[in-house]
Amino acid sequence: MLVDTHAHLYAKQFDEDRQLMLDRAVSVGIEKIFLPNIDTQSIAGMYELVELRPDLCYPMMGLHPCSVKENYEQELDTIEAHLRSGNQDGERRFCAVGECGLDYHWDLTFKSQQIKALRRQIEWAKDLDLPIVLHCRESMDDVIREIQKAQDGSLKGIFHCFSGTQKHVEQVIELGFLMGLGGVLTFKKSGVDELVKNVALKHLVLETDAPYLAPTPYRGKRNETAYMVKVAERLAEVKGITVAEVAEATTKNALDLFRIDVV
Ligand SMILES: [Zn+2]
């Protein structure tokens, strides 16, 4: 059994074959898929998908840093309303806050707003006792600093699409967070293989970030959850263990973090 901890399967790239794509994922052993939200535009599609396959797809709620623009406070207000109404009176519709974080790759115009948005979402995670799923792009040091400042022992989560330095690995472990590994692990010269070779399995989860970042040999094509098997195989190879061991550990880590009971 495998778990995809990060997939945007409500994206329009899957409009033509969404059901078949989900069936392919199930047929290779993927039993749970966690859906990070992007912004207010992605919410309806995400809900539709969860309704279609409630046993398979679990939603998160948050604002992606690339969607932090002039109107980010309004976006956050709407997203917070969804989050709070889904997770009240013992209900737990959303399994995490996310995805959120800092992205300095494309545009620095809203850098200070991105930081404010991240801080507000960290507060939601604390307040609602939810894990947080973090997106970092050329911003690892800043995201780590924000989590360090906020960490009171209650924060948990995933640095999704993890890459960075040895120091970052140590800081993430020190913070009690997990590293999400996807297609990048299979790319030649990504360096992520060397980085995670000696990291204990208990700190790792698997993901696709579908439709993006397809693993080798699908690199450059649309990614989908079934392809995550390639990531599991590569991690097994890097660590010199079996795919079954990778699957067992990463699945347990993910289900514990998101608090999903499997009967
Ligand atoms: Zn994502």
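These remarks concern the structure in this document. As the structure is a prediction and not an experimental result, all values here were calculated from the model.

### Section: the coordination of the zinc ion
At this site the zinc ion is bound by His 6 (NE2), His 8 (NE2), Glu 99 (OE) and Asp 209 (OD), with donor distances of 2.0 to 2.6 Å. Written as a sequence motif, the donor arrangement for the zinc ion is H-x1-H-x90-E-x109-D. Of this pair, Glu 99 sits in strand β4 (residues 97-103) while Asp 209 sits in the loop between β8 (204-206) and α8 (228-239), placing them 110 residues apart in sequence. Of the two residues, Glu 99 and Asp 209, neither departs from the other in class, the shared state being buried.

### Side note on the nonpolar core
Grouped together as the largest cluster of nonpolar side chains are 75 residues, with contacts concentrated most on Leu 9 and Phe 159. Aside from chain neighbours lying at most four places away, what touches Phe 159 is Leu 134, Cys 136, Met 140, Val 143, Ile 144, Ile 147, Val 172, Phe 177, Leu 178, Met 179 and Gly 180. Within the second largest apolar cluster, 15 residues are counted, among which are Phe 34, Tyr 58, Met 60 and Val 205.

### Some thoughts on helix α4 (residues 111-128)
Relative to the 26 Å expected for 18 residues at 1.5 Å per residue, α4 spans 26 Å between its end C-alpha atoms, a close match to the ideal helical length. Those residues of α4 that fall on the buried side of the exposure criterion are Gln 114, Ile 115, Ala 117, Leu 118, Gln 121, Ile 122, Trp 124 and Ala 125. Contact partners of the buried residues in α4: α3 (72-86), β4, β5 (132-137) and α5 (140-150). Phi for Asp 129, located one or two positions after α4, is positive at around 55°.

### Brief notes about unusual backbone geometry
Along the chain, Gly 98 connects to Glu 99 via a cis peptide bond; the corresponding omega equals 0°. Residues Thr 216 and Pro 217 are joined by a peptide bond in cis, for which omega reads 5°. Residue position: Pro 217 is located in the loop between β8 and α8. Although it is not a glycine, Leu 213 sits at a positive phi angle of roughly 55°. Within the secondary structure, Leu 213 sits in the loop between β8 and α8. Even without glycine at this site, Arg 259 takes up a positive phi of about 55°. Tracing the backbone shows Arg 259 in the segment after α9 (243-258).

Here is what the cut-offs are and how they apply
- Residues numbered from 1 in each chain as written.
- Predicted model: local features only at pLDDT ≥ 70, side-chain atom pairs only at ≥ 80, totals over all residues.
- Heavy atoms only, no water.
- Donors = N, O, S within 2.8 Å, 3.2 Å for Na, K, Ca; no water.
- Helix = DSSP H or I, 4+ residues; strand = E, 2+ residues; numbered from the N terminus.
- Buried < 20%, exposed > 50% of the residue type's maximum accessible area, 1.4 Å probe, protein only.
- Core = buried A, V, L, I, M, F, W, Y, C linked by side-chain atoms within 4.5 Å.
- Contact = heavy atoms within 4.5 Å.
- Expected span 1.5 Å × (residues − 1).

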